[in-house]
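Structural overview
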Amino acid sequence: MDNVLHQPLGGNEMPRFGGIATMLRLPHVQTPEELNKLDAAFIGIPLDIGTSLRSGTRFGPRQIRAESVMIRPYNMATGAAPFDSLNVADIGDVAINTFNLLDTVRIIEAHYDAVLEQGIIPLTLGGDHTLTLPILRAMKKKYGKVGLVHVDAHADVNDHMFGEKIAHGTTFRRAQEEGLLDSGRVVQIGLRAQGYTADDFNWSRRQGFRVVQAEECWHQSLAPLMEEVRAKVDGGPVYLSFDIDGIDPAWAPGTGTPEVGGLTTIQALEIIRGCQGLNLIGCDLVEVSPPYDTTGNTALLGANLLYEMLCVLPGVVRR
């Protein structure tokens, strides 16, 4: 029997302010039989015990889902029709240990081991940026070293934070040290503000990463940059990790570590759309903190960026 592709619940079937708050109002899938039929899935990780300033990202997945109700199936800008070609659902949240970060990292890795075993491409709603490390550990077991497109105000390559080796600011140093990344295929976009030493961003450069500081992005389209990015990271599996604080706080104030001088929402769309054609094997959108998001606009942006990530996955048809 042909596999039925899930569709978002339409605004004329149920009012957008009604119904269960799943991502894009997709079905909430849990059984092994249903999971085995999925091509991609939205997964929440309600984590904020790895944060260093303002907490609250534990509420990010729930708020992103709530703000996703306005998103419709067809991408009118790119022609992408993800629900015509991929079977997609919301498969709920990872049951983290909210009192123990290291145990939570273990739980996330095991959870994503199971998701990847079922052939599902995960689209993750965060949650703080600690969560990307265990996801990359799971990815390494399935795909080997992966390329990375990392959008962020911060490089997240601290050696430690208050003596702790695992936190949201150490993620990509640990990933590099553990051999999870194909370092010649890594790009970090949007880095800015101040450092603890003059050498802070150069650690990434010494690994072979392409570092695009925010100032390189000011007052211009990022379409030309994304041509360079595709050329650098292509040639193997690629993971996309997008920290919402890569966006300027004028547009995305609801985050734990805001930095001025950041990317615009238009540039964010250009970055994600510029990943079309890459072998994306997973994506995340992290660091949305609803307590600092009084309008809901940060979570709304996060929901739209996750939809755009879905639209550039391999296999998505265009109409």
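- Naming follows an unreviewed UniProt entry, where the protein appears as Agmatinase of Pseudomonas rhizosphaerae.
- Its UniProt record, at the heading Sequence similarities (unreviewed entry), says of the protein: "Belongs to the arginase family. Agmatinase subfamily."

**Some remarks on helix α4 (residues 132-143)**
- An ideal rise of 1.5 Å per residue puts 16 Å on twelve residues; α4 measures up with 16 Å between its terminal C-alpha atoms.
- Those residues of α4 not exposed but buried are Thr132, Leu133, Pro134, Ile135, Leu136, Arg137, Ala138 and Met139.
- Where α4 terminates, the next one or two residues include Gly144, which has phi positive at roughly 80°.

**Considering the packing of helix α2 (residues 60-67) against helix α9 (residues 297-311)**
- Contact geometry for α2 and α9: axes closest at 8 Å, N-to-C directions at 75°. Taken as axis vectors, α2 and α9 run roughly perpendicular relative to one another. Of the residues in α9, those in contact with Gln63, Ile64 and Glu67 of α2 are Ala299, Leu300, Gly302, Ala303 and Leu306.
- Counted by class, the contact of α2 with α9 contains five nonpolar, two polar and one charged residues.

**Section: the pairing of strand β1 (residues 40-45)**
- Of all six residues making up β1, six are buried, and the element is well covered by its neighbours.
- Burial of β1 is two-sided: the residues Ala40, Phe42 and Gly44 facing one way and the residues Ala41, Ile43 and Ile45 facing the other way are all buried.
- In terms of strand pairing, β1 meets strand β3 (residues 88-93) through four bridges, oriented parallel. Considered in β3, the bridge of Gly44 is made with Asp93.
- Here β1 runs beside strand β4 (residues 121-126); their pairing, made up of six bridges, is parallel. Bridging from a neighbouring strand, Ala41 pairs with Pro122 of β4.

**Some remarks on the environment of Ala95**
- Within the secondary structure, Ala95 is located in the loop between β3 and α3 (101-117).
- Residue classification places Ala95 among the exposed residues on the basis of a relative accessible area of 64%.
- In sequence terms Ala95 and Ile107 are twelve residues apart; their C-alpha atoms lie 7.8 Å from each other.

**Here's the deal with the pattern of salt bridges**
- Inspection of every chain in the model, using the stated rule, returns 16 salt bridges.
- Here Arg106 makes a salt bridge to Asp103, at a shortest N to O gap of 2.7 Å. Here Asp103 and Arg106 lie together in helix α3, a separation of three residues that amounts to about one turn.
- In this structure, the salt-bridge partner of Lys141 is Glu109, at a minimum N-O distance of 2.7 Å. Here Lys141 is found in helix α4, whereas its partner Glu109 is found in helix α3, with 32 residues between them in sequence.
- Its relative accessible area of 17% is what places Glu109 among the buried residues.
- One continuous salt-bridge network, built from bridges that share partners, spans Asp159, Lys165, Arg174 and Glu177.

**A few points about the UniProt feature "binding site: Mn(2+)" (unreviewed entry) in the protein**
- Listed under "binding site: Mn(2+)" (unreviewed entry) in the UniProt record, and renumbered for this structure, are His129, Asp152, His154, Asp156, Asp243 and Asp245. In terms of the greatest pairwise C-alpha distance, the residues named above, spread along 117 residues, form a tight cluster of at most 12.1 Å across.
- Along the chain, Asp152 turns up in the loop between β5 (146-151) and α5 (171-177).
- Given the relative accessible area of 0%, Asp152 is considered buried.
- The contact partners of Asp152, leaving out residues within four places of it in the chain, are His129, Ile189, Gly190, Leu191, Asp243, Asp245 and Gly246.
- Every residue in contact with Asp243, bar those within four places of it in the chain, is listed here: His129, Val151, Asp152, Thr255, Val286 and Glu287.
- There is a polar contact of 3.4 Å between the side chain of Asp243 and the side chain of His129.

What counts and how
Residues numbered from 1 in each chain as written. Predicted model: local features only at pLDDT ≥ 70, side-chain atom pairs only at ≥ 80, totals over all residues. Heavy atoms only, no water. UniProt positions renumbered as here; feature names shortened; annotations may be inferred. Helix = DSSP H or I, 4+ residues; strand = E, 2+ residues; numbered from the N terminus. Expected span 1.5 Å × (residues − 1). Buried < 20%, exposed > 50% of the residue type's maximum accessible area, 1.4 Å probe, protein only. Axes fitted to C-alpha atoms, helices over the stretch in contact; angles between N-to-C directions. Parallel < 35°, antiparallel > 145°, perpendicular 65-115°, else oblique. Contact = heavy atoms within 4.5 Å. Nonpolar A, V, L, I, M, F, W, Y, C, P; charged D, E, K, R; others polar. Pairing = 2+ DSSP bridges. Salt bridge = Lys/Arg side-chain N within 4 Å of Asp/Glu carboxyl O. Polar contact = N/O pair within 3.5 Å; in protein donor to acceptor, adjacent residues only side chain to side chain.

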